[in-house]
Amino acid sequence: RCIAVELPGEDVKEECERRLLLLVNMHPTHDCRFNLPAGQGHGWSQLLDTAPDEGWGAEVDHVDAVTLPPRSIRLLAERLT
């Protein structure tokens, strides 16, 4: 009931080098831990977080994994600078 989707930072029409990472935990009662893919060393920024107890827009620096609470979605964007 958990899925991670990595969208490469490639766009046919425009230059877009920033990768996106969509994390979804649809389990009704259990947390789900996601291992983050290695980036370019600048970490990830949260663009969307549906968990009510999490800080919106937080930076995800120097972590190898994140844990999502039940029934939550998080969208991360790779920071290039």
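Criteria and thresholds
- The numbers attached to residues start from 1 for each chain and follow its sequence in the written order.
- The model is predicted, so local features are restricted to residues of pLDDT at least 70 and side-chain atom pairs to those at 80 or more, both for listing and for counting; the totals for chains, interfaces and linings are taken over all residues.
- Think of the side-chain values as coming from all heavy atoms in the structure, minus any hydrogens and water.
- Note on terminology: a nonpolar core comprises buried Ala, Val, Leu, Ile, Met, Phe, Trp, Tyr and Cys residues joined through side-chain atoms within 4.5 Å.
- Between buried and exposed lies partly exposed: a residue is buried under 20% and exposed over 50% of the maximum accessible area for its type, with that area taken using a 1.4 Å probe on protein chains only.
- The secondary structure listing takes helices from DSSP runs of H or I that are at least 4 residues long and strands from runs of E that are at least 2 residues long, numbered from the N terminus.
- Two cysteine sulfur atoms make up a disulfide if the distance between them is within 2.5 Å.
- The salt bridge definition used is simple: a Lys or Arg side-chain nitrogen within 4 Å of an Asp or Glu carboxyl oxygen.

Draft legend 1. Inspection of the nonpolar core at higher detail. Of all hydrophobic cores here, the largest spans 9 residues; its members are Leu21, Leu23, Cys32, Phe34, Leu36, Trp44, Val66, Leu68 and Leu76. Broken down by secondary-structure element, the contributors of at least two residues to this core are β2 (20–25), β3 (32–35) and β6 (65–68).

Draft legend 2. Region of the structure containing unusual backbone geometry. One non-glycine residue, Arg71, lies in positive phi territory at about 50°. Its location among the elements puts Arg71 in the loop between β6 and β7 (72–78).

Draft legend 3. Here's a closer look at the state of the cysteines. One pass over the full model with this rule turns up 1 disulfide. Between the sulfur atoms of Cys2 and its disulfide partner Cys32 the distance amounts to 2.4 Å. Taken together, the residues span a long stretch of sequence, with Cys2 in strand β1 (residues 2–7) and Cys32 in strand β3 at a distance of 30 residues. For Cys32, a relative accessible area of 11% translates into the label buried.

Draft legend 4. Spotlight on the pattern of salt bridges. Tallied over the full model, the rule gives 3 salt bridges. A salt bridge links Glu78 to Arg19, with the shortest nitrogen-to-oxygen separation between them at 3.1 Å. One end of the pair, Glu78, is in strand β7; the other, Arg19, is in the loop between β1 and β2, and 59 residues separate them in sequence. Across the pair, Arg19 and Glu78 agree in class, each one buried. The salt bridge involving Arg74 is made with Asp49; its shortest N-O contact spans 3.3 Å. Of this pair, Arg74 sits in strand β7 while Asp49 sits in strand β4 (residues 44–49), and the two are 25 residues apart along the sequence. Residues Arg74 and Asp49 agree in their burial class; the two are buried.

All we've got here are geometric facts, nothing functional implied.
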